Amino acid sequence: QVQLVESGGGLVQAGGSLTLSCAASGRTFSRYSMGWFRQAPGKEREFVAGITWGGGSTDYAGSVKGRFTISRDNAKNTTYLQMNSLKPEDTAVYYCGTTQRPYSTLLWTRNHPDYWGPGTQVTVSS
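Remember, predicted model here, so these are calculated numbers, not experimental data.

Cut-offs applied
Residues numbered from 1 in each chain as written. Predicted model: local features only at pLDDT ≥ 70, side-chain atom pairs only at ≥ 80, totals over all residues. Heavy atoms only, no water. Helix = DSSP H or I, 4+ residues; strand = E, 2+ residues; numbered from the N terminus. Buried < 20%, exposed > 50% of the residue type's maximum accessible area, 1.4 Å probe, protein only. Contact = heavy atoms within 4.5 Å. Areas by Shrake-Rupley, 256 points an atom, 1.4 Å probe, with all protein chains shown as cover. Pairing = 2+ DSSP bridges. Axes fitted to C-alpha atoms, helices over the stretch in contact; angles between N-to-C directions. Disulfide = S-S within 2.5 Å. Phe/Tyr/Trp six-rings, centres within 6.5 Å; stacked < 30°, edge-to-face > 60°. Core = buried A, V, L, I, M, F, W, Y, C linked by side-chain atoms within 4.5 Å.

Colleague: Outline the overall build of the protein chain, listing residues and values.
Modeller: Helix and strand counts for the protein chain stand at one helix and eleven strands. Listing each helix as α and each strand as β along the protein chain from the N terminus yields β-β-β-β-β-β-β-β-β-α-β-β. Dimensions of the protein chain, computed from C-alpha atoms along their principal axes, come out at roughly 40 × 30 × 25 Å. Looking at the 126 residues of the protein chain, the share that counts as buried comes to 43%. Considering only intrachain contacts with a sequence separation of at least 6, the fraction spanning at least 24 residues in the protein chain is 59%. Only carbon and sulfur atoms are counted for the fraction: they give 47% of the accessible area of the protein chain, which is about 6200 Å².

Colleague: Which residues make up unusual backbone geometry, and what values go with them?
Modeller: Phi angles above zero are rare outside glycine, and N77 is one such case at about 55°. As for its position among the elements, N77 is in the loop between β7 (68–73) and β8 (78–83). For N77, a relative accessible area of 27% puts it in the partly exposed group. At Y103, a residue that is not glycine, the phi angle is positive and equals roughly 55°. With respect to the helices, strands and loops of the structure, Y103 is situated in the loop between β9 (92–98) and α1 (106–111).

Colleague: Lay out the pairing of strand β1 (residues 3–7) in plain terms, naming residues and giving numbers.
Modeller: Burial along β1 is one-sided: the face carrying L4 and E6 is buried and the face carrying Q3, V5 and S7 is not. In the sheet, β1 pairs with strand β3 (residues 18–25) via five bridges, with the strands oriented antiparallel. Looking at β3, one finds that Q3 is bridged to S25.

Colleague: Outline the sheet that holds β1, listing residues and values.
Modeller: Ordered by their spatial adjacency, four strands build an open sheet running β1-β3-β8-β7, and the pairing between neighbours is antiparallel. In this open sheet, the two edge strands, each paired with only one partner strand, are β1 and β7. Adjacent strand axes in the sheet meet at a mean angle of 15°, parallel and antiparallel pairs treated alike.

Colleague: Describe the state of the cysteines, listing the residues and the values that go with them.
Modeller: All chains considered together, the criterion is met by one disulfide. Here C22 is linked by a disulfide to C96, with a sulfur-sulfur distance of 2.1 Å. Measuring handedness by torsion sign, the sulfur bridge of C22 and C96 sits at about -80° and is left-handed. On the criterion of sequence distance, the pair formed by C22 in strand β3 and C96 in strand β9 is long-range, its members being 74 residues apart. Take C22 and C96: they sit in the same class, and that class is buried.

Colleague: Which residues make up the packing of aromatic side chains, and what are the values?
Modeller: If you walk through the whole model with that rule in mind, you get four aromatic pairs. Judged by centre distance (5.7 Å) and plane angle (75°), the rings of F37 and F47 are edge-to-face. Pair noted here: F37 is in strand β4 (residues 34–39) and F47 is in strand β5 (residues 46–51), with a separation of ten residues, a long-range link. Take F37: its relative accessible area is 3%, and that puts it in the buried class. Ring plane angle 80° and centroid distance 6.3 Å describe the contact between Y95 and W116, whose orientation is recorded as edge-to-face.

Colleague: How would you sum up the nonpolar core? Please name residues and give values.
Modeller: Residues W36, V48, F68, L81, M83 and Y94 are the most contacted members of the largest nonpolar core, which totals 29 residues. Elements with a minimum of two residues in this core: β3, β4, β5, β7, β8, β9 and β11 (120–125).

Here it is in structure tokens:
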């Protein structure tokens with residue numbers, strides 16, 4: 001059974017930084033691409049960033065490109081999201097997501113997440 005658990009959220013002032021972590025278990029982590037998504041109040045869940053199974057390729061939403069960095073440590077079964085220059089519009093619940101398909105492309109992972117963590121709240125004050 002795949003389990004994802006996010007951590008690292010909190011309250012930060014605009015311009016500040018946070019690093020989120022997603023610990024995965026239940027299958028061979030290094031075979032699966034991973035993604036970060038977020039959902040703001042009253043809005044649909046949206047893609048934030050993705051990374052391939054080996055970490056060789058990444059993908060970002062336009063709104064976070066240049067400010068956020070996704071990475072992974074396959075030895076620790078963990079994916080990270082480094083968030084810099086945070087803005088109030090980044091306020092949301094952030095979710096780690098992944099697909100059932102091993103060795104999936106970034107596009108597939110972005111559009112077909114099958115598993116989710118419970119999420120972690122990020123609040124950016126102005």
